[in-house]
Amino acid sequence: MIHLDYRSRMVLFNLLLYTVTFALVVFFAVEGIWYSSVSNVKTNIEESAVNTELLVEQQTTGAAAVTDRITWFSSNAQQVAEIIGGYSNGVVYLYSLDGTPLNRNADTEPTNFLKAEYEKCADSDRSVFSIRTINGQDELFFMTPLEFENVRIGYYANVYSLSYVSQLTNYVVIILLICGLAGLIILTFLIIRFANQFIQPIKDLTRISKEIDNGNYNVVIQYKWDDEIGDLTEVYNQMTQNINSVIMQLKGERERLGSVLASLDDGLIALDQEGNITASNSYLKTYFGVANAKTIYDFTYQSFLRDIFDSLKRHQNYISEEVECNDRILLLTGSPIRQPGLEENYMIIIRNITSTRRIEREQQKFISSVSHELRTPLTTIIGYTDMLKRRNVQDPKLLESSLATINREGHRLVRLVDDLLSASRLDNLEFSVRRTTISLDVLLHDVVDQMRVKGWQKEIEITYKSEPDLPLILGDYDRLSQMFINILHNAIKYSDKGGIIDVILTGEDGWLAASIRDYGTGIDPAQKDMIFSAFYRVEEDRARSEGEGGAGLGLYLVKQIAEKHNGRITIDSKVGEGTNVTIRLPVLEADGTQKENGNA
Ligand code: ADP
């Protein structure tokens, strides 16, 4: 079965209505024309019968007997028929009382047909009308008795062709058909327009409903008429507008929630009962390498997340767990989200505690290093003092060497405590470098002079050269002095007896470069990056055997001070050939500023 759309059905229904109405109109029009034409003809024919009677009466006035009139009628029938026929349409026939045709102008065929009419008329004493189709033409047959003073003298008959009535009816049908066709065309056009006007808003509603289904709520139906459809479209527009504003509100809320989640420093997953992720942030990708996860089961390799989810579903209230994942230590905390009237949901927070744990480890290492460093000289001091006390030493040589050791270890303790204090002050965030305008040339002169005395103890010569007219720098004089003292201290410490140390200061595009070159033991390239860590020493015994072994804080302090001055440190060293430590510091620009991008 063909399924027609609403519009086509509407058009077809209207056309059907029109066709039925039109057929009825045509039928009644034709019937009306036919009826009125035939009754006109009837009246005319009846009038012609009356005229015949009148004519006969006129002609026979004064005739004595009825038979005279009948005789006159029979003998003058031809003439009467011609006179009457002259002003009557159709052919007039006159018959005698016994049914014999009296006039000649009749052809035989109608006369034969009229026999039956004659019999009916003679039997009933009344006029007879009948319509017959002869040779495809409608013919009206009429017969009536002719009477004077209630005496019958014969019969009058008339055969009238109804062809002109049929013709008229045909014309009418043709005209009606032409008009009907034109009406049909006009009506079809109007119906289609009318249907379109009704259908368009429905089409618009359908289109907009589809748009809404696709998530576009920013749509309006245009309809200009103030009718029922107009009311419907208005309600619809209002509805989409409301939905749109609610959706915008929800979007805004979601964006706000998204930005809150994004600004968190921790990873977060919110889950429903089925394990679907209802909210999350980008840390999930950072920590687990899983992007666009939809459910907890998308974390294939992170079974710990599923375990927490399963425990929460088993109504455990709070779960905290530390896991190692992709070189990170993560603290996972799971808890349920309960809201009255809503299904229980769950939340897992993931915190990266790698650096916290590392700092804790560093601190522990630092404390044990410090304890160890303090303990070694103290043990020596206590050992020697115990020995002196117990043995009551008289030998001046032994006494002197013992006191020298106690003194040296005491100094080592003081140095260690000084270094620790400096390191803790530099670590402290509140520490700030007291910057003044200084000449690095003057500073290095002072430091070299100071350290020369120390070098002489190992017969080491320290030279100093600088370019003339070097620009000034901005820095903390004491800290920078301490930095260069530490470097020179190491250079002396790791140089052989009788060696040379060259200190050179040069200017380089925006920087001052101070190099401290020694020709001592050198540093293994594998150790180069570690020597700046606190308490790091390449060889425990080597430094200690020198009697002035540090605690591994010297270069750590150098690095801290250089960083605070936006400086850069470079170390070139070869084992057995010596070490060249270069410190670059930004010069003071004419406008009083200096480079900020230095890195150690
Ligand atoms: P320490 O106070 O023990 O000297 P530092 O932090 O100053 O500690 O130095 C760390 C390590 O770097 C030292 O143990 C040493 O092995 C190495 N080092 C530093 N400077 C030099 C140098 N000029 N020549 C050779 N080795 C050096």
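Residues numbered from 1 in each chain as written. Predicted model: local features only at pLDDT ≥ 70, side-chain atom pairs only at ≥ 80, totals over all residues. Heavy atoms only, no water.

**Remarks on the domain arrangement of the chain**
Here comes step 1: Entries for the chain in the domain assignment read domain 1 (6-169), domain 2 (264-352), domain 3 (357-422) and domain 4 (432-586).
Here comes step 2: A C-alpha centroid distance of 53 Å is found between domain 2 and domain 3. (Domains from an automatic or database assignment.)

**Quick notes on the packing of aromatic side chains**
Here comes step 1: Summed over all chains, the structure comprises 12 aromatic pairs.
Here comes step 2: Look at Phe 142 and Tyr 156: their rings are 6.3 Å apart centre to centre, the planes differ by 65°, and that puts the pair in the edge-to-face class. Here Tyr 156 lies in strand 4 (residues 151-161) and Phe 142 lies in strand 3 (residues 137-148), a separation of 14 residues in the sequence.
Here comes step 3: Of the residues examined, Tyr 156 reaches a relative accessible area of 0% and is grouped as buried.
Here comes step 4: With 6.4 Å between their ring centres and 75° between their planes, Tyr 287 and Phe 288 make a pair best called edge-to-face. Judged on exposure class, the residue Tyr 287 and its partner Phe 288 are both buried. (Phe/Tyr/Trp six-rings, centres within 6.5 Å; stacked < 30°, edge-to-face > 60°. Helix = DSSP H or I, 4+ residues; strand = E, 2+ residues; numbered from the N terminus. Buried < 20%, exposed > 50% of the residue type's maximum accessible area, 1.4 Å probe, protein only.)

**With respect to the nonpolar core**
Here comes step 1: Core analysis: the biggest nonpolar cluster contains 38 residues, and Leu 440, Met 483, Phe 484, Leu 488, Ile 501 and Val 503 have the highest contact counts within it.
Here comes step 2: Looking at this core element by element, the count peaks at seven residues for helix 11 (residues 477-493). (Core = buried A, V, L, I, M, F, W, Y, C linked by side-chain atoms within 4.5 Å.)

**Brief notes about the confidence of the model for the chain**
Here comes step 1: Taken residue by residue, the chain gives an average pLDDT of 85. The fraction at 70 or more is 92%.
Here comes step 2: Every residue in residues 541-547 is under pLDDT 50, and counting partners more than four places away or in other chains gives 16 contacts. (pLDDT = per-residue confidence, 0-100. Contact = heavy atoms within 4.5 Å.)

**Quick notes on the sheet that holds strand 1 (residues 91-95)**
Here comes step 1: Spatial strand order, 1-4-3-2: four strands in an open sheet with antiparallel pairing. Two strands close off the open sheet at either side, each with one partner strand: strand 1 and strand 2 (128-134). Put simply, the sheet's adjacent strands are angled 25° from each other on average, direction ignored.
Here comes step 2: Sheet topology places strand 1 next to strand 4; five bridges connect them, and they run antiparallel. Residue pairing in the sheet places Tyr 95 in a bridge with Tyr 155 of strand 4.
Here comes step 3: Against the sheet, helix 2 (residues 66-87) makes contact with strand 1, strand 3 and strand 4, and its axis sits at roughly 170° relative to strand 1, the strand it touches most. (Pairing = 2+ DSSP bridges. Axes fitted to C-alpha atoms, helices over the stretch in contact; angles between N-to-C directions.)

**Digging into the sheet that holds strand 7 (residues 319-325)**
Here comes step 1: Strand order in the open sheet formed by five strands is 6-5-9-8-7, and the pairing between neighbours is antiparallel. Unpaired on one side and paired on the other, strand 6 (277-280) and strand 7 mark the two borders of the sheet. On average, each strand axis in the sheet is inclined to that of its neighbour by 20°, with strand direction left out of account.
Here comes step 2: Bridging between strand 8 (residues 328-337) and strand 9 (residues 345-352) involves eight bridges; their strand directions are antiparallel. For Thr 333, the partnering residue across the bridge sits in strand 9 and is Ile 349.

**Notes on the side chain of Ser 495**
Here comes step 1: Within the element layout of this structure, Ser 495 appears in the loop between helix 11 and strand 13 (500-508).
Here comes step 2: A polar side-chain atom of Ser 495 sits 2.6 Å from the main-chain carbonyl oxygen of Ala 491.
Here comes step 3: Setting aside residues up to four positions removed in sequence, Ser 495 forms contacts with Lys 458, Ile 460, Ile 501, Asp 518, Tyr 519 and Gly 520. (Polar contact = N/O pair within 3.5 Å; in protein donor to acceptor, adjacent residues only side chain to side chain.)

**Comments concerning the packing of helix 10 (residues 440-456) against helix 11**
Pairs of packed helices are described in terms of their axes, by the angle between the two and the distance that separates them.
Here comes step 1: Remark: helix 10 packs on helix 11, axes separated minimally by 10 Å, with the N-to-C direction vectors making an angle of 40°. Between helix 10 and helix 11, the crossing angle belongs to the class labelled oblique. As for the relative orientation of helix 10 and helix 11, their crossing is right-handed in sense. Between helix 10, through Leu 440, Val 442, Leu 443, Leu 444, Asp 446, Val 447, Val 448, Gln 450, Met 451, Lys 454 and Gly 455, and helix 11, the contact on the second element is made entirely by Tyr 477, Leu 480, Ser 481, Phe 484, Ile 485, Leu 488, His 489 and Ile 492. (Parallel < 35°, antiparallel > 145°, perpendicular 65-115°, else oblique. Left-handed = near helix turned anticlockwise from the far one by under 90°.)

**With respect to the pairing of strand 7**
Here comes step 1: Bridge analysis of strand 7 against strand 8 gives seven bridges, and the strand direction is antiparallel. Looking at the pairing, Glu 324 lines up with Ile 329 of strand 8.
Here comes step 2: In sequence, strand 7 turns back onto strand 8 through a hairpin of two residues, with Asn 326 there showing a positive phi of about 45°.

**Things to note about helix 2**
An α-helix turns once every 3.6 residues. As a result, residues three or four positions apart point the same way.
Here comes step 1: Look at helix 2: only 28 Å from first C-alpha to last across 22 residues, short of the 32 Å you get at 1.5 Å a residue.
Here comes step 2: Helix geometry: helix 2 is bent most strongly at Asn 76, by close to 70°.
Here comes step 3: Where helix 2 is concerned, the buried positions are Arg 69, Phe 73, Asn 76, Ala 77, Gln 78, Val 80, Ala 81 and Ile 84.
Here comes step 4: Looking at the buried positions of helix 2, the neighbouring elements they touch are helix 1 (6-60), strand 1, strand 3 and strand 4. (Expected span 1.5 Å × (residues − 1). Bend = angle between axes of the 7 residues up to and from the residue.)

**So, unusual backbone geometry**
Here comes step 1: Even without being a glycine, Asp 327 presents a positive backbone phi close to 60°.
Here comes step 2: Its place among the elements puts Asp 327 in the loop between strand 7 and strand 8.
Here comes step 3: In this model, Asn 566 sits at a positive phi of 55°, which is unusual for a non-glycine residue.
Here comes step 4: Examined against the element boundaries, Asn 566 turns out to sit in the loop between helix 13 (554-564) and strand 15 (568-574).

**Concerning the pattern of salt bridges**
Here comes step 1: What the rule picks out here adds up to 14 salt bridges.
Here comes step 2: Taking the shortest distance from any N to any O, the salt bridge between Asp 204 and Arg 207 comes out at 3.6 Å. Remark: Arg 207 and Asp 204 occur in helix 4 (residues 163-213); sequence separation between them is three residues, near one turn of the helix.
Here comes step 3: By relative accessible area, which is 11% here, Asp 204 ends up buried.
Here comes step 4: Between Glu 508 and Arg 584 there is a salt bridge, and its shortest N-O distance comes to 2.8 Å. Taken as a pair, Glu 508 in strand 13 and Arg 584 in strand 16 (residues 578-586) lie far apart in primary sequence, 76 residues in all.
Here comes step 5: On the basis of relative accessibility, which here comes to 31%, the residue Glu 508 falls in the partly exposed class.
Here comes step 6: One network of salt bridges, with partners in common, ties together Asp 125, Glu 147 and Arg 152. (Salt bridge = Lys/Arg side-chain N within 4 Å of Asp/Glu carboxyl O.)

**What to know about a negative patch on the surface**
Here comes step 1: Residues Asp 226, Glu 228, Asp 231 and Glu 234 make up a contiguous surface patch of negative charge.
Here comes step 2: Along the chain, Glu 234 turns up in helix 5 (residues 228-263).
Here comes step 3: On the basis of relative accessible area, Glu 234 is assigned to the exposed category, the value being 56%. (Patch = residues over 30% accessible without salt bridge, like charges linked within 9 Å, V, L, I, M, F, W, Y side chains within 5 Å. Areas by Shrake-Rupley, 256 points an atom, 1.4 Å probe, with all protein chains shown as cover. Lys, Arg positive; Asp, Glu negative; His and termini not counted. Charge placed at Lys NZ, Arg CZ, Asp CG, Glu CD.)

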